[in-house]
Amino acid sequence: QQQVKQSPQSLIVQKGGISIINCAYENTAFDYFPWYQQFPGKGPALLIAIRPDVSEKKEGRFTISFNKSAKQFSLHIMDSQPGDSATYFCAAIMGNQFYFGTGTSLTVIP
Amino acid sequence: KAGVTQTPRYLIKTRGQQVTLSCSPISGHRSVSWYQQTPGQGLQFLFEYFSETQRNKGNFPGRFSGRQFSNSRSEMNVSTLELGDSALYLCASSLLTLNEKLFFGSGTQLSVL
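We now turn to the structure provided with this report. (Residues numbered from 1 in each chain as written. Chains lettered and ligands numbered in written order. Predicted model: local features only at pLDDT ≥ 70, side-chain atom pairs only at ≥ 80, totals over all residues. Heavy atoms only, no water.)

Before going further, it helps to examine the overall build of chain B. Secondary structure assignment for chain B yields zero helices and 11 strands. The C-alpha atoms of chain B give a radius of gyration of 13 Å, which matches the 13 Å a tight globule of 113 residues would have. With the principal axes as the frame, chain B shows a C-alpha extent of 35 × 25 × 25 Å. If you take every contact in chain B between residues at least 6 apart in sequence, the share linking residues at least 24 apart comes to 55%. Here chain B has roughly 5200 Å² of accessible surface; of this, 49% comes from carbon and sulfur atoms. The positive charge centre, built from 11 side chains, and the negative charge centre, built from 6, are 4 Å apart in chain B. (Helix = DSSP H or I, 4+ residues; strand = E, 2+ residues; numbered from the N terminus. Rg over C-alpha atoms; globule rule 2.2 N^0.38 Å. Contact = heavy atoms within 4.5 Å. Areas by Shrake-Rupley, 256 points an atom, 1.4 Å probe, with all protein chains shown as cover. Lys, Arg positive; Asp, Glu negative; His and termini not counted. Charge placed at Lys NZ, Arg CZ, Asp CG, Glu CD.)

Structure (structure tokens):
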């Protein structure tokens, strides 16, 4: 059973638009929800993370919205830029177990 | 500050062989974790080491093992390689735990022929 479900698999957005990626999780014991950005040939890099006692966190153009009752969280990228074109992974951590979503390939068209 | 260093960058092996991958964490980081990334299965957690002890393990067979040295450097070993072990193996380090900022290396791309 997949612990974290991520959608969409791919996303194409115009420059300046908003990119939205969604994740849903199963286990309410998860206590840390990071988003990672990965460029080809590189390892993932932490973008932003949230803990379940907060409903929203914003860092620059990146915002996580967290809905504890629905067991869902999402990444919003405002004013999307071509340099944001990458693969994005959500994740959920429970104790010392780490579960990733399946990834979203984002393409921002100039 | 140097990042997480993984060696080698690329590796080609044949079925049945074994392989050892190396990871040097960021100085001062004591937690080192390993991940497998494939197009089909995505990113999967292998295991985490802290203070030379395996603290947790993902759902992988016993052919996958690792260790951590007193300087926090870590190695991962895969024995009796199978074609399905072809993947990008990523190492990450953090100060203490998995639920804080992880710093990933660029990975070792393993091809099993």
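Before going further, it helps to spend a moment on the state of the cysteines. Residues and elements named next belong to chain A. Under the definition given, this model contains two disulfides over all chains. At a sulfur-sulfur separation of 1.9 Å, the disulfide partner of Cys23 is Cys90. Disulfide Cys23-Cys90: torsion about the S-S bond near -95°, hence left-handed. In this pair, Cys23 is assigned in strand S3 (residues 19–25) and Cys90 in strand S9 (residues 86–94), connecting sequence segments 67 residues apart. Since its relative accessible area comes to 0%, Cys90 is described here as buried. (Disulfide = S-S within 2.5 Å. Buried < 20%, exposed > 50% of the residue type's maximum accessible area, 1.4 Å probe, protein only.)

Ranked by size, the top nonpolar core spans 24 residues in total, and within it Phe33(A), Trp35(A), Leu47(A), Phe73(A), Leu75(A), Tyr88(A) and Leu106(A) carry the most contacts. Mapped onto this core, the elements with two or more residues apiece are strand S2 (10–14), S3, strand S4 (33–38), strand S5 (45–50), strand S7 (62–67), strand S8 (72–77), S9 and strand S11 (104–109) of chain A. The element contributing the most residues to this core is S9(A), with four residues. The contact partners of Leu75(A), leaving out residues within four places of it in the chain, are Ser19(A), Ile20(A), Ile21(A), Trp35(A), Leu47(A), Ile48(A), Phe62(A), Thr63(A) and Tyr88(A). In this structure, Val19(B), Ile26(B), Met76(B) and Val78(B) belong to the second largest nonpolar core, which totals 21 residues. (Core = buried A, V, L, I, M, F, W, Y, C linked by side-chain atoms within 4.5 Å.)

This brings us to a nonpolar patch on the surface. Residue and element names in this part refer to chain A. On the surface, a nonpolar cluster with roughly 240 Å² of combined accessible area is contributed by Ile18, Ile20 and Met78. Assignment of secondary structure puts Met78 in the loop between S8 and S9. Classification of Met78 as partly exposed rests on a relative accessible area of 34%. (Patch = residues over 30% accessible without salt bridge, like charges linked within 9 Å, V, L, I, M, F, W, Y side chains within 5 Å. Salt bridge = Lys/Arg side-chain N within 4 Å of Asp/Glu carboxyl O.)

A few words now on the sheet that holds strand S1 (residues 4–7) of chain A. Residue and element names in this part refer to chain A. Pairing in this open sheet of five strands is antiparallel, and the strands run S1-S3-S8-S7-S6 from one edge to the other. The open sheet is flanked by S1 and strand S6 (56–59), the only strands paired with a single partner. Averaged over neighbouring strand pairs, the angle between their axes works out to 15° when direction is ignored. Pairing analysis gives six bridges linking S3 to S8, with the strands arranged antiparallel. Following the sheet pairing, Ala24 is matched in S8 by Gln72. (Pairing = 2+ DSSP bridges. Axes fitted to C-alpha atoms, helices over the stretch in contact; angles between N-to-C directions.)

As a further point, take the interface of chain B and chain A. Contact with chain B, which involves 20 residues of that partner, is made by 16 residues of chain A. In terms of surface lost to chain A, no three residues of chain B exceed Leu43(B), Asn99(B) and Phe104(B), which account for 36% of the buried area on that side. There are zero salt bridges connecting chain B and chain A. Where chain B touches chain A, the interface holds five residue pairs in polar contact (both at pLDDT 80 or more). Among the elements of the structure, strand S4 (31–38), strand S5 (42–50), strand S6 (53–57) and strand S9 (87–94) of chain B are those that each provide at least two residues to the side of chain B that touches chain A. (Buried area = accessible area lost by both parts, 1.4 Å probe. Polar contact = N/O pair within 3.5 Å; in protein donor to acceptor, adjacent residues only side chain to side chain.)

Enumeration over the complete set of coordinates arrives at 21 aromatic pairs over all chains. Here the aromatic rings of Tyr25(A) and Phe66(A) are separated by 6.1 Å at their centres, their planes lie at 15°, and the arrangement is stacked. On the criterion of sequence distance, the pair formed by Tyr25(A) in strand S3 and Phe66(A) in strand S7 is long-range, its members being 41 residues apart. Note on accessibility: Tyr25(A) and Phe66(A) belong to one class, buried. Each residue in the set Tyr25(A), Phe30(A), Phe33(A), Trp35(A), Phe66(A), Phe73(A) and Tyr99(A) is aromatic and connected to the rest through ring pairs, giving one cluster. Above the ring of Tyr10(B), the side-chain terminus of Arg9(B) is found at 5.3 Å from the ring centroid. Over the ring of Phe50(B) we find Arg55(B), and its NZ or CZ is 4.4 Å from the ring centre. (Phe/Tyr/Trp six-rings, centres within 6.5 Å; stacked < 30°, edge-to-face > 60°. Lys NZ or Arg CZ within 6 Å of the ring centre and 35° of its normal.)

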